[in-house]
Amino acid sequence: MIRLAVPNKGALTEAAQTILREAGYRPRKDSKELVVVDPDNSCELFFLRPRDIAVYVGEGTLDVGITGLDMLADSGAPAEEIMPLGFGASTFRFAARAGTFTSVKDLQGMRVATSYAGLLGKHLADMGVEARVIKLDGAVETAIHLGVADAVADVVETGTTLRNVGLEVFGDPIAHSQAALIKQVGAKEANGVQQLIRRLQGVLVARDYVMIDYDIRAERIDEAIAITPGMEGPTVSPLHREGWVAVRAMVPRKGHQQIMDQLWEIGAKAVLATAIFACRV
Ligand SMILES: Nc1ncnc2c1ncn2[C@@H]1O[C@H](COP(=O)(O)OP(=O)(O)OP(=O)(O)O)[C@@H](O)[C@H]1O
Ligand SMILES: O=P(O)(O)OC[C@H]1O[C@H](OP(=O)(O)OP(=O)(O)O)[C@H](O)[C@@H]1O
Ligand SMILES: [Mg+2]
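Residues numbered from 1 in each chain as written. Chains lettered and ligands numbered in written order. Predicted model: local features only at pLDDT ≥ 70, side-chain atom pairs only at ≥ 80, totals over all residues.

- As recorded in an unreviewed UniProt entry, the protein goes by the name ATP phosphoribosyltransferase, listed as coming from Sphaerisporangium corydalis.
- According to the UniProt record, the Cofactor (unreviewed entry) comment for the protein reads "Mg(2+)".
- According to UniProt, the comment filed for the protein under the heading Subcellular location (unreviewed entry) is "Cytoplasm". (UniProt positions renumbered as here; feature names shortened; annotations may be inferred.)

1. Regarding the overall build of the protein
- Tallying secondary structure elements over the protein gives 8 helices and 15 strands in all.
- Against the 2.2 N^0.38 benchmark of 19 Å for 281 residues, the protein shows a C-alpha radius of gyration of 24 Å, more extended than a compact globule.
- Summarising its shape, the C-alpha atoms of the protein cover approximately 80 × 50 × 35 Å along the three principal directions.
- Burial statistics for the protein: of 281 residues in total, 37% are counted as buried.
- Taking contacts inside the protein between residues at least 6 apart in sequence as the whole, the part at least 24 apart equals 68%. (Helix = DSSP H or I, 4+ residues; strand = E, 2+ residues; numbered from the N terminus. Rg over C-alpha atoms; globule rule 2.2 N^0.38 Å. Buried ≥ 20, exposed ≤ 12 C-beta atoms within 10 Å, placed from the backbone. Contact = placed C-beta atoms within 7 Å.)

2. Observations concerning the sheet that holds strand β9 (residues 151-156)
- Strand order in this open sheet of 5 strands is β8-β7-β9-β6-β10, and the pairing throughout is mixed. Sheet topology places β8 (132-135) and β10 (167-177) at the edges, where each strand pairs with a single neighbour. With direction set aside, neighbouring strand axes in the sheet form an average angle of 25 degrees.
- Two strands pair when backbone bridges link them, and strand β6 (residues 90-97) and β10 are joined in this way by 7 bridges, in the antiparallel orientation. Counted as the bridge partner of A95 is V169 from β10.
- Strands β6, β7 (111-114), β8, β9 and β10 of the sheet are contacted by helix α4 (residues 117-127), whose axis makes an angle of about 170 degrees with β8. (Pairing = 2+ DSSP bridges. Axes fitted to C-alpha atoms, helices over the stretch in contact; angles between N-to-C directions.)

3. Some thoughts on α4
- Every buried residue belonging to α4 is among L119, L120, H123 and L124, and all of these are buried. Looking down the long axis of α4, one finds its buried residues gathered within 125 degrees of arc, a one-sided arrangement. Away from the buried face of α4 by more than 90 degrees, exposed residues A125 and D126 are located.
- Next to the buried residues of α4 lie α3 (69-75), β6, β7, β8, β9 and β10. (Arc of directions from axis to C-beta.)

4. Focus on the UniProt feature "domain: ATP phosphoribosyltransferase catalytic" (unreviewed entry) in the protein
- The residues that UniProt annotates with the feature "domain: ATP phosphoribosyltransferase catalytic" (unreviewed entry) are residues 49-202.
- Taken as a whole, residues 49-202 contains 28% helix and 32% strand, while its terminal C-alpha atoms sit 26 Å from one another.

5. Here we look at the environment of H145
- Locating H145 in the fold gives a position in the loop between β8 and β9.
- Exposure remark for H145: the 12 C-beta atoms within 10 Å place this residue in the exposed category.
- Counting along the chain gives 22 residues from H145 to L167, while the straight-line C-alpha distance between them is 9.8 Å.

6. Focus on the nonpolar core
- By size, the foremost hydrophobic cluster in this structure holds 51 residues, and its most contacted members are A5, A54 and V57.
- Counting contributing residues per domain, this core is built from domain 1 (2-88 + 178-191) and domain 3 (208-275), each supplying no fewer than three.
- For A5, the residues in contact, after removing those within four places along its chain, are F46, L48, I53, Y56, V57, L62, G65 and I66. (Core = buried A, V, L, I, M, F, W, Y, C linked by C-beta atoms within 7 Å. Domains from an automatic or database assignment.)

7. Some remarks on the site of ligand 2
- Looking at ligand 2, there are 13 residues lining it, with G138, E157, T158, T160 and T161 nearest.
- At the level of elements, β9 and α5 (160-164) are the ones that each hand at least two residues to the shell around ligand 2.
- Here the shell around ligand 2 is composed, by residue class, of 4 nonpolar, 6 polar and 3 charged. (Near = placed C-beta within 6 Å. Nonpolar A, V, L, I, M, F, W, Y, C, P; charged D, E, K, R; others polar.)

8. Things to note about the site of ligand 1
- For ligand 1, the set of nearby residues contains 17 residues, the closest of which are G10, A11, R51, G68 and E157.
- Those elements that place two or more of their residues in the shell around ligand 1 are α2 (50-59) and α3.
- Of the residues belonging to the shell around ligand 1, the class tally is 5 nonpolar, 7 polar and 5 charged.
- Taken domain by domain, the makeup of the shell around ligand 1 includes at least three residues from each of domain 1 (2-88 + 178-191) and domain 2 (90-176).

9. A look at the sheet that holds strand β3 (residues 43-48)
- Taken together, the 6 strands give an open sheet; going across it, the order is β2-β3-β1-β4-β11-β5, and neighbouring strands pair in mixed fashion. Looking at the sheet topology across the chains shown, the edges are occupied by β2 (35-38) and β5 (79-84). Averaged over all pairs of adjacent strands, the angle between strand axes in this sheet comes to 30 degrees, irrespective of strand direction.
- On the sheet, helix α1 (residues 13-22) packs against β1 (2-7), β4 (64-68) and β11 (179-184) and is oriented at approximately 145 degrees with respect to β1.
- Each of β1, β3, β4, β5 and β11 is contacted by α2, which is oriented at about 145 degrees to β4, the strand it contacts most.

10. Topic: the UniProt feature "domain: Histidine biosynthesis HisG C-terminal" (unreviewed entry) in the protein
- Look at the UniProt record and you will see "domain: Histidine biosynthesis HisG C-terminal" (unreviewed entry) annotated at residues 206-276.
- Here residues 206-276 is 28% helix and 41% strand, with 5 Å between the C-alpha atoms at its ends.

Written out as structure tokens, the structure reads:
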């Protein structure tokens, strides 16, 4: 039975639950359900705070978990990334009132508010900067206006939260993050983890690709294959029409309309694009 930690609150929650549902795992009935047993998939899902997930996984209490790479680094827990999950992308950055600071070096002797004291403390030490870290639970952007800090270090996605309080980022990004599947460092892989990885990869590929079908004159097949090479090579089947073949290939979702235009221009007919629901590749 695989024991899997899933965020129960915050920015990763919905996307984490969606990818698991698409990968065939049992969803929870409501947000008050903290443990879900999924016997069909030999899996137990534990809904936990994203910040705590690396701690449980690092302790070896749970086999794998979904959390942000910034939270994994912040925790200092002996856990590591198995695979990125393609959502929850953000950067972790310094911000302050416009014109106050230009680089991390300017923070010598200053107060920096953050919810990620581990990540920030390590970065300041690496940069040889001595600053006072003010640990807050959230909404750290307000700490400057309230006179608690001179700068903040926080998660930035669109930058809207910073703009709303009149702050600007400065210096290089401290870290880049996204959601990832994590496991304990050096742990023997639990039964079922490989299957979970394959299923998650299947969902990610299904989201990024579409299936293209079309008919083409046999003499133009080489041109057509150059446009739709497929993953392993396209399937080419005879058509019940002399001199024509049917082709089926996966193509990246992004740009598939251009591919359909190119196929049409070389004489393809009945060009269809269909979504892929799930796959193993
Ligand atoms: N606006 C955002 N866009 C994308 N990812 C984000 C955003 N805000 C937070 N994250 C990511 O989501 C993960 C969880 O952070 P989030 O702020 O949602 O948790 P939280 O509920 O505030 O945590 P805590 O347990 O400390 O209360 C982090 O890895 C973070 O990088
Ligand atoms: O750049 P943006 O798109 O504005 O996103 C970044 C904001 O999102 C997160 O806040 P969250 O809602 O998790 O609140 P918190 O600060 O209480 O954690 C993060 O802490 C930033 O405040
Ligand atoms: Mg937050």
